Amino acid sequence: MTTPVLVVGAGPSGLSAAHALASAGQSVILVDKADRLGGAPILSGYAKLVPSGEWARDAIGGMVARVRNHANVEIFTDTRVTRFGGEPGAFTAGLSNGQQREVGAAILCTGFTHFDSVNKPEWGFGTYPDVVTTTQVEQMISSGKGVKCPSDGRAPDRVAILLCVGSRDRQIGREWCSKVCCTVSANIAMEIREALPKCAVYIYYMDIRTFGLYEDKYYWQSQEEYHVKYIKARIAEVTSDGKRLIVKGEDTLVKRPITIPFDLVVHAIGMDPNIENPDIAKTFGVQLERHGYLLPGPTYRAMGSTSRPGVFVAGSACGPETIDDSIAQGQSAAMAALAALRAPATALAG
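Residues numbered from 1 in each chain as written. Predicted model: local features only at pLDDT ≥ 70, side-chain atom pairs only at ≥ 80, totals over all residues. Heavy atoms only, no water.

Q: Help me out: how do you make sense of the overall build of the chain in this one?
A: The helix and strand inventory of the chain stands at 8 helices and 17 strands. A compact globule built from 350 residues should have a C-alpha radius of gyration of about 20 Å, and the chain, at 22 Å, falls within 12% of that. Taken along its principal axes, the extent of the C-alpha atoms in the chain is 65 × 40 × 40 Å. Taken over 350 residues, the chain has a buried fraction of 54%. Summarising the internal contacts of the chain: among those between residues at least 6 apart in sequence, 63% fall at separations of at least 24. Accessible surface, the chain: about 15,200 Å² in total, of which carbon and sulfur atoms supply 50%. The averaged location of the 35 negative side-chain charges in the chain is 1 Å from the averaged location of its 35 positive side-chain charges. (Helix = DSSP H or I, 4+ residues; strand = E, 2+ residues; numbered from the N terminus. Rg over C-alpha atoms; globule rule 2.2 N^0.38 Å. Buried < 20%, exposed > 50% of the residue type's maximum accessible area, 1.4 Å probe, protein only. Contact = heavy atoms within 4.5 Å. Areas by Shrake-Rupley, 256 points an atom, 1.4 Å probe, with all protein chains shown as cover. Lys, Arg positive; Asp, Glu negative; His and termini not counted. Charge placed at Lys NZ, Arg CZ, Asp CG, Glu CD.)

Q: What's the story with the packing of helix α4 (residues 134-143) against helix α5 (residues 181-195) in this structure? I'm lost.
A: Two numbers describe a pair of packed helices, the interaxial angle and the distance between the axes. Packing of α4 against α5 brings their axes to within 11 Å, and their N-to-C directions diverge by 40°. In terms of orientation, α4 lies oblique with respect to α5. In this structure, the crossing between α4 and α5 has a hand that is left-handed. Facing α4, whose interface residues are T134, V137, E138 and I141, α5 presents V184, S185, I188 and E191. (Axes fitted to C-alpha atoms, helices over the stretch in contact; angles between N-to-C directions. Parallel < 35°, antiparallel > 145°, perpendicular 65-115°, else oblique. Left-handed = near helix turned anticlockwise from the far one by under 90°.)

Q: Explanation requested: the sheet that holds strand β5 (residues 90-95) in the structure shown.
A: Hydrogen bonds between backbone groups are what pair the strands of a sheet, and the pairing can be parallel or antiparallel. Taken together, the 3 strands give an open sheet; going across it, the order is β4-β5-β6, and neighbouring strands pair in antiparallel fashion. The sheet terminates laterally at β4 (81-87) and β6 (100-103), the two strands that pair on one side only. Each strand of the sheet is rotated relative to its neighbour by a mean of 20°, with strand direction disregarded. Across 4 bridges, the pairing between β5 and β6 is antiparallel. When the sheet's bridge partners are listed, F91 is paired in β6 with V103. (Pairing = 2+ DSSP bridges.)

Structural data, given as structure tokens:
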């Protein structure tokens with residue numbers, strides 16, 4: 001097909017969509033605002049992925065390579081879509097590099113923004129250097145330098161992982177479950193225990209949501225094989241006694257207060273809507289759902305459809321999502337876009 005499909009965002013879902021389209025003989029224009037392809041797993045330095053256990057640089061790096069090497073994919077980095085108009089099969093996209101391109105459809109794979117823990121100040125992030133996020137711990141692991149206390153570089157003897165930081169919290173306007181945090185935290189806990197066998201790791205949780213087949217692999221394995229300790233609790237604050245961090249709250253199972261010292265406290269940060277979603281929605285003429293994610297249409301119309309015919313969405317652009325499911329959604333949106341191009345009269349909403 002001569003009219004290309006525009007894929008916006010080169011994370012797991014965008015790479016998946018671009019490769020699926022290209023493999024079907026469809027020309028693709030892949031646009032990403034970053035200077036590199038790969039999305040959050042590459043840009044944020046993720047370590048081992050759930051559930052494959054592959055290093056992000058290898059798994060996502062392989063996806064990047066196969067897209068870069070495909071003759072049907074034209075790639076633009078450091079580029080945004082500034083204008084988008086027309087109708088299915090005959091859209092015009094204006095790019096920030098000054099180019100204007102004709103495209104038949106668009107797939108929005110614009111991802112998410114990590115929750116900023118400064119919005120949860122009572123839990124110590126930004127006040128104490130040894131209060132970090134799961135993303136920062138992933139970077140420590142992927143760097144090969146190991147998990148250290150940022151304040152002085154020592155290996156921690158006691159680590160607390162606090163779940164639902166920026167998720168399921170009405171007080172800060174984050175009512176949704178971010179879906180990946182429990183499994184990612186259990187995985188990180190096991191990696192810490194493997195690297196530092198003498199380090200005690202505690203996970204403080206409201207609920208554990210290692211859904212589906214992840215329950216056995218992460219929740220039970222982390223307890224039974226790696227001896228990670230799970231405490232059902234409400235955390236009130238993280239302070240310091242001058243030597244160690246102090247986690248204060250209530251053990252909600254036994255109904256008693258807790259005040260426990262740790263060397264390192266890790267925030268299991270959630271997934272926020274992409275901070276640029278209002279602009280993306282305006283540019284592409286699509287709707288947002290009430291939390292600020294791009295609003296997908298009902299799947300009976302077309303997988304990944306949006307409120308605008310010919311424009312599709314995949315992955316964490318439309319809600320918290322795992323990497324595996326983002327990849328699957330990218331492929332599904334690609335097939336829906338192909339169907340719309342081949343039979344536009346019957347493609348009800350993209």
